[in-house]
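What the coordinates show
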Amino acid sequence: MKIATPAGRRYLRRFFPTMFAYVLVLFACVWAIKNWEPKGIELIVLSVLPAVPIIAAIVVMALYLVEETDEFLRQRIASCMLFGTGVLLAAATVYGFLVNGGAIEPSSELPLWAFPLWCAAWGLAQCVIGLRDHMAGGGE
């Protein structure tokens, strides 16, 4: 996909460094927790620190939506983000009922997959819409 708008280029210039920071911070914090076995406030800080770049990535995505001046692209972005939100809410609801009903045990690690699931669903929606437009003759 070619990013043709200034907002799209700014998004990529912001998003990739944010994700690079996330990977670095995540590996550093996991390493530190395993090797130093911190307690108290140190453990809390090391546990929460990887969330900071994820929160920054969410802000970057929101800025992209706000800064995009092409109304067609903005509507597509918003629609795909809503699809991602719907998938995440549906998955969380089904999971909650499965746990509540006793069909599965709750997982303390499952919330870590909320953002990746949302991003995957957003990306899938963008691919499907792009493919649909391409097949209809609207693609480049």
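Residues numbered from 1 in each chain as written. Predicted model: local features only at pLDDT ≥ 70, side-chain atom pairs only at ≥ 80, totals over all residues. Heavy atoms only, no water.

Detailed reading of the predicted model is not advised wherever pLDDT is low. For the protein chain, mean pLDDT is 94; residues scoring 70 or higher make up 96% of the total. Averaged over each element, pLDDT in the protein chain is lowest for helix 5 (residues 114-135) (95) and highest for helix 2 (residues 40-48) (98). (pLDDT = per-residue confidence, 0-100. Helix = DSSP H or I, 4+ residues; strand = E, 2+ residues; numbered from the N terminus.)

Direction vectors running N to C along helix 1 (residues 6-36) and helix 3 (residues 51-67) enclose 175 degrees, while the axes themselves pass 9 Å from each other. Comparing their axes, helix 3 and helix 1 come out roughly antiparallel. Here helix 1 contributes Ala-7, Gly-8, Arg-10, Tyr-11, Arg-14, Phe-15, Thr-18, Met-19, Ala-21, Tyr-22 and Val-25 to the contact with helix 3, which in turn contributes Pro-53, Ile-54, Ala-56, Ala-57, Val-60, Met-61, Leu-63, Tyr-64 and Glu-67. Counted by class, the contact of helix 1 with helix 3 contains 15 nonpolar, two polar and three charged residues. (Axes fitted to C-alpha atoms, helices over the stretch in contact; angles between N-to-C directions. Parallel < 35°, antiparallel > 145°, perpendicular 65-115°, else oblique. Contact = heavy atoms within 4.5 Å. Nonpolar A, V, L, I, M, F, W, Y, C, P; charged D, E, K, R; others polar.)

A separate point is the pattern of salt bridges. Opposite charge on two side chains lets them pair, provided their charged atoms get close. Following the criterion strictly, the structure yields five salt bridges and no others. Note that Glu-67 is salt-bridged to Arg-10, the shortest N-O span being 3.1 Å. Of this pair, Glu-67 sits in helix 3 while Arg-10 sits in helix 1, placing them 57 residues apart in sequence. Among the residues examined, Glu-67 registers a relative accessible area of 23% and is labelled partly exposed. Classification of Arg-10 by relative accessible area gives partly exposed; the value is 27%. Across the pair Asp-133 and Arg-76 runs a salt bridge whose closest N-O atoms are separated by 2.6 Å. Taken together, the positions of Asp-133 in helix 5 and Arg-76 in helix 4 (residues 71-100) put the pair 57 residues apart, joining distant regions of the chain. Overlapping salt bridges, with partners in common, bring together Arg-10, Arg-14 and Glu-67 in one network. (Salt bridge = Lys/Arg side-chain N within 4 Å of Asp/Glu carboxyl O. Buried < 20%, exposed > 50% of the residue type's maximum accessible area, 1.4 Å probe, protein only.)

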